[in-house]
Amino acid sequence: MSLSLKSIRYFIAVAEAESITGATQSLNISQSVVTEAIKSLEAELGAILFQRHARGMVLTHAGHQFLRHAHQILAAVRNAQQALSARPDTMVGSLNVGVTPLMTGYFLPYLLDRYRRVFPKVQIQVVEDRRDYLEHLLVNGELDVALMMVSNIENKQALEAETLIEAPWRLWLPANHPLRELGSISLAEIGDEALIMLKVDELEENTRAWWRAAGLKPKMALRTESVEAVRSLVATGAGLSILPDLLYRPWSLDGDRLEVRNILEEMPKLEIGIAWRRGSGISEATQNFLIVAREHSRAHSR
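Residues numbered from 1 in each chain as written. Predicted model: local features only at pLDDT ≥ 70, side-chain atom pairs only at ≥ 80, totals over all residues. Heavy atoms only, no water.

*Asks:* Summarise the overall build of the protein; cite the residues concerned and give the values.
*Replies:* Secondary structure summary: the protein contains 10 helices and 13 strands in total. The C-alpha radius of gyration computed for the protein amounts to 30 Å, which surpasses the reference 19 Å derived for 302 residues by more than 25%, pointing to a less compact arrangement than a globule. Its C-alpha atoms put the protein at 95 × 40 × 35 Å along the principal axes. Counting over 302 residues, the protein shows a buried share of 42%. Total accessible area computed for the protein in this model is approximately 16,200 Å², and 48% of it derives from carbon and sulfur atoms. Computing the positive centroid from 33 side-chain charges and the negative centroid from 36, the protein places the two 6 Å apart. (Helix = DSSP H or I, 4+ residues; strand = E, 2+ residues; numbered from the N terminus. Rg over C-alpha atoms; globule rule 2.2 N^0.38 Å. Buried < 20%, exposed > 50% of the residue type's maximum accessible area, 1.4 Å probe, protein only. Areas by Shrake-Rupley, 256 points an atom, 1.4 Å probe, with all protein chains shown as cover. Lys, Arg positive; Asp, Glu negative; His and termini not counted. Charge placed at Lys NZ, Arg CZ, Asp CG, Glu CD.)

Here is the structure:
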């Protein structure tokens, strides 16, 4: 089916004038053009839209149904034209963004850079805190949107969430470790190894839950809030670590190499995304932030 906007406009004009003649006067075109457009439209739709009689044309039941949709189609086109005519660099407003510490370093900078370049006049305020407190701020309307681990959201009744990136968990180990010869490694095989724990954004709570589910007790060597510290410690042989693939880099700051291997056990992927208050009207600035975030996540996943 290839309905044209022009034929829809002609149909509406005939429906409102209740005659071909009346429609041609408002459209300022010939009667034959309108007649042919209505015939083609009826053929495309497979329905009779008008009852013809000596005094003019009256909508059939199908015609009344299509008239309602025709108005909606033209309204949608007008809205799209208005949206495209608005210049992003002239849009103003404010945007309050919440972010957890891990997202501040590995997701937020590039997202904010893209958003500010497209919408330079929107004032952005960023609040960094724990996920549970950001949920509180979202529910209270103090934040418009928040970047966090949406797989850990607790207040699901009050919040909407959209996953942007799914990050699998991997075992980090030094380049000279004997386990690197294995393609995949089980938790039992690393149960006696010293482990470095990253205690940021509930990553520690997640990994401890998987150890408990496997009936094993990990041998903790050190807990830190620094990803760079984990890289250096693993690369120099102080221990192994289980972390989302999103954080992996093959070199520490000192240039020491580390590698990753898959874990045999099924570990739910870490879901990173955006959350906002359910049922609340989303501002234009927030809608644009969601669009930019989706574009960024698609580019990141390529």
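Picking up after the structure, the text goes on.
*Asks:* Any chance you could break down helix α8 (residues 203-213) for me, citing the residues and the numbers?
*Replies:* It helps to recall that an α-helix has 3.6 residues per turn; residues three or four apart then point in one direction. Along α8, the residues classified as buried are Leu203, Glu204, Asn206, Thr207, Trp210 and Trp211. For α8, the angular spread of the buried residues around the axis is 165 degrees, confining them to a single face. Facing away from the buried surface of α8 by more than 90 degrees, the exposed residues are Arg212 and Ala213. Among the residues trailing α8, Gly215 stands out with phi positive, at a value near 70 degrees. (Arc of directions from axis to C-beta.)

*Asks:* Explain the sheet that holds strand β13 (residues 270-277) to me, using residue names and the numbers behind them.
*Replies:* The strand order β4-β3-β5-β13-β6 describes an open sheet built from five strands, whose pairing is mixed. Two strands in the sheet have a free side with no partner beyond their single neighbour: β4 (122-128) and β6 (159-167). Averaged over all adjacent pairs, the angle separating strand axes in this sheet is 20 degrees, with direction ignored. Across eight bridges, the pairing between β6 and β13 is antiparallel. Residue pairing for β13: Ala167 is matched across the bridge by Leu270. The strands that helix α7 (residues 131-139) touches are β3 (93-99), β4, β5 (145-149), β6 and β13; relative to β5, the one it contacts most, it runs at about 155 degrees. (Pairing = 2+ DSSP bridges. Axes fitted to C-alpha atoms, helices over the stretch in contact; angles between N-to-C directions. Contact = heavy atoms within 4.5 Å.)

*Asks:* So what's going on with the side chain of Glu42? Which residues, and what values?
*Replies:* Checked against the element boundaries, Glu42 lands in helix α3 (residues 31-45). Its relative accessible area of 10% is what places Glu42 among the buried residues. Apart from residues no more than four positions distant in its own chain, Glu42 is found in contact with Ala47, Ile48, Leu49, Phe50 and Arg52.

*Asks:* Would you mind going over the pairing of β13 in detail, with residue names and values included?
*Replies:* Counting buried positions over the eight residues of β13 gives six, a clear majority of the element. Where β5 meets β13, four bridges bridge the pair, whose relative direction is antiparallel. Bridge assignment links Met148 to a residue of β13, and that residue is Gly273.

*Asks:* Any chance you could break down the environment of Gln157 for me, citing the residues and the numbers?
*Replies:* Here Gln157 is to be found in the loop between β5 and β6. Given the relative accessible area of 75%, Gln157 is considered exposed. With 121 residues separating them along the chain, Gln157 and Arg278 place their C-alpha atoms 7.6 Å apart.

*Asks:* Summarise unusual backbone geometry; cite the residues concerned and give the values.
*Replies:* The backbone of Asn28 shows a phi angle near 60 degrees, a positive value even though the residue is not glycine. Among the structural elements, Asn28 can be located in the loop between α2 (20-27) and α3.

*Asks:* A description of the sheet that holds strand β8 (residues 184-185) should follow, citing residues and the corresponding values.
*Replies:* Across the sheet, which stays open at both edges, the four strands sit in the order β8-β12-β7-β11 with mixed pairing between neighbours. Pairing within the sheet leaves two strands with one partner each, and these edge strands are β8 and β11 (241-244). Across four bridges, strand β7 (residues 169-174) lies against strand β12 (residues 258-263) in antiparallel orientation. Opposite Leu173, over in β12, you have Glu259 as the bridge partner. Sitting on the sheet, helix α9 (residues 227-235) touches β7, β11 and β12, and the angle it makes with β7 is about 50 degrees.

*Asks:* So what's going on with the packing of aromatic side chains? Which residues, and what values?
*Replies:* All chains considered together, the criterion is met by six aromatic pairs. Centroid distance Phe11 to Phe50: 5.4 Å. Interplanar angle 55 degrees. Geometry classified as tilted. Within this pair, whereas Phe11 is found in helix α1 (residues 5-17), its partner Phe50 is found in strand β1 (residues 50-53), the two being separated by 39 residues in sequence. We classify Phe11 as buried; its relative accessible area is 0%. Taking relative accessible area as the criterion, Phe50 reaches 2% and is therefore assigned buried. Counting every residue linked through ring pairs, the aromatic cluster contains Phe11, Phe50 and Phe66. Note that Arg257 overlies the ring of Trp251, its terminal NZ or CZ placed 5.2 Å from the centroid. (Phe/Tyr/Trp six-rings, centres within 6.5 Å; stacked < 30°, edge-to-face > 60°. Lys NZ or Arg CZ within 6 Å of the ring centre and 35° of its normal.)

Geometric descriptors of this kind do not, in isolation, establish any biological role.
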